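Next come the chains, spelled out residue by residue.
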Amino acid sequence: MESYLLLKFTLDRKFDELIQSNIYNFENIGFEVDDPIEKRNLLMELPEWEISDINVVDNGTISYGVYFEESDLGKNELERLRNFLIQNIENFESEELFIDNSNWEEEWKKSYKSFNIGNKIFIKPSWEERPETDRIIIEIDPKMAFGTGTHETTSMCMEYVENDNLIGKDILDIGCGSGILSILAKKLNANQVDACDIDKIAIASTKENAIINNVELNAFESNLFSNVKNKYDLIFANILAEIIVVMLDDVDDFLKENGRLVLSGIIKEKEKLVKDKLKSKGFEVIDTKYKNDWVLISAGKKNA
């Protein structure tokens, strides 16, 4: 598919939870967030000479872009999202654009730069030169898949596991996006890495990025565990809190006896929701990490 529909809008930061909590109730094929605070955090990782002429101003707003198929379904879902926002946000304004994928990717190349994550990881777009570094290099061709490392939910997961001993372990990455977490797991010498997502564009992106990074992993479409067959030592779930809660109903069937969960994509207001569900399913929280408005929770079975 070469063309897409794009709904663009800018909102006061107070509406971010509303957007993040509801955006995946609509059948979109891509979601981007232009948050000045996230930009500042990213720029801090870059060499000073690269950002000397960049001035990021935070005026209290966040800009969003939501991509839809250029089809009857896409048009209906775009209108459904627009109507939802009109009903929930006073004086809501938006812009609808027609965009082709090649132009979208060219725009990415203008804005997506190399950066460090944690103490060991270096993320670079596939079109940049490979640097001399002792860090683990992960090359990403973002396409239209979520999870390029710039968002707190993804970077927290990577920072959390960079010192883990994953040698020989079996990993499942639910909601794999660009495949960045799965690729990191393979570069940390994990055994079998399965990556799944409900979005076919994410699966295509994950497979392409695995090839770019010269790693072998198994990427497939799945609605949570619907097409998952194995048990795992570690399950990543970088997805919304409400979806994590649903996932936890079935997770026992796919987690090894001493397995762990690393759950991200949780906005602070939903932390208790996830922790209460973990407790009800016999899990205990091992660790909790925070970055801005986002939470990472690591958990394992009690007495495991």
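Residues numbered from 1 in each chain as written. Predicted model: local features only at pLDDT ≥ 70, side-chain atom pairs only at ≥ 80, totals over all residues. Heavy atoms only, no water.

Structural notes on the overall build of the protein chain
Here's step 1: If you tally the helices and strands in the protein chain, you get 10 helices and 14 strands.
Here's step 2: Per-residue burial over the protein chain gives 51% buried out of 304 residues.
Here's step 3: A sequence separation of at least 24 residues applies to 65% of the contacts in the protein chain between residues at least 6 apart.
Here's step 4: Roughly 14,900 Å² of accessible area belongs to the protein chain as shown, and the carbon and sulfur atoms make up 44% of that amount. (Helix = DSSP H or I, 4+ residues; strand = E, 2+ residues; numbered from the N terminus. Buried < 20%, exposed > 50% of the residue type's maximum accessible area, 1.4 Å probe, protein only. Contact = heavy atoms within 4.5 Å. Areas by Shrake-Rupley, 256 points an atom, 1.4 Å probe, with all protein chains shown as cover.)

Let's talk about the UniProt feature "binding site: S-adenosyl-L-methionine" (unreviewed entry) in the protein chain
Here's step 1: If you check UniProt for "binding site: S-adenosyl-L-methionine" (unreviewed entry), the listed places come out as T154, G175, D197 and N238 in our numbering.
Here's step 2: Secondary-structure assignment places T154 in helix α6 (residues 152-161).
Here's step 3: Tracing the sequence through the fold places D197 in strand β9 (residues 193-197).
Here's step 4: Contacts of D197, omitting those with residues within four sequence positions, involve G175, C176, G177, A202, I203, F220, E221 and S222.
Here's step 5: A distance of 3.1 Å separates a polar atom in the side chain of D197 from the backbone nitrogen of G177. (UniProt positions renumbered as here; feature names shortened; annotations may be inferred. Polar contact = N/O pair within 3.5 Å; in protein donor to acceptor, adjacent residues only side chain to side chain.)

Quick word on the packing of aromatic side chains
Here's step 1: Per the counting criterion, the structure on display carries six aromatic pairs.
Here's step 2: Each ring, one from F9 and one from F92, has its centre 5.5 Å from the other, and the planes form 65°; the classification is edge-to-face. Placement of the pair is F9 in strand β1 (residues 3-12) and F92 in the loop between α4 (72-88) and β4 (95-100), with a sequence separation of 83 residues. The same class applies to F9 and to F92, which are both buried.
Here's step 3: Note on F31 and Y64: the rings are 6.1 Å apart at their centroids and 0° apart in plane angle, and the pair reads as stacked. Of the two residues, F31 sits in strand β2 (residues 30-34) while Y64 sits in strand β3 (residues 61-69), which places them 33 residues apart along the sequence. Both residues of the pair, F31 and Y64, count as buried.
Here's step 4: Every member of this aromatic cluster is reached through a ring pair, and the members are F9, Y24, F31, Y64 and F92.
Here's step 5: Against the face of F283 rests K301, its NZ or CZ located 4.6 Å from the ring centre. (Phe/Tyr/Trp six-rings, centres within 6.5 Å; stacked < 30°, edge-to-face > 60°. Lys NZ or Arg CZ within 6 Å of the ring centre and 35° of its normal.)

Details of the nonpolar core
Soluble globular proteins tend to bury their nonpolar side chains together.
Here's step 1: Formed by 35 residues in total, the largest nonpolar core has its most connected members in I123, I138, M158, I171, L184 and L217.
Here's step 2: Grouped together as the second largest cluster of nonpolar side chains are 28 residues, I174, V228, L255 and I297 included. (Core = buried A, V, L, I, M, F, W, Y, C linked by side-chain atoms within 4.5 Å.)

Examining the sheet that holds β3
Remark on secondary structure: sheet strands pair via backbone hydrogen bonds, oriented parallel or antiparallel.
Here's step 1: With antiparallel pairing, the four strands of this open sheet are ordered in space as β2-β3-β1-β4. On the outer flanks of this sheet lie β2 and β4, each paired with one strand and no other. In this sheet, adjacent strand axes meet at a mean angle of 25° when their direction is disregarded.
Here's step 2: With five bridges connecting them, β2 and β3 associate as antiparallel partners. Paired with D34 across the two strands is S63, which belongs to β3. (Pairing = 2+ DSSP bridges. Axes fitted to C-alpha atoms, helices over the stretch in contact; angles between N-to-C directions.)

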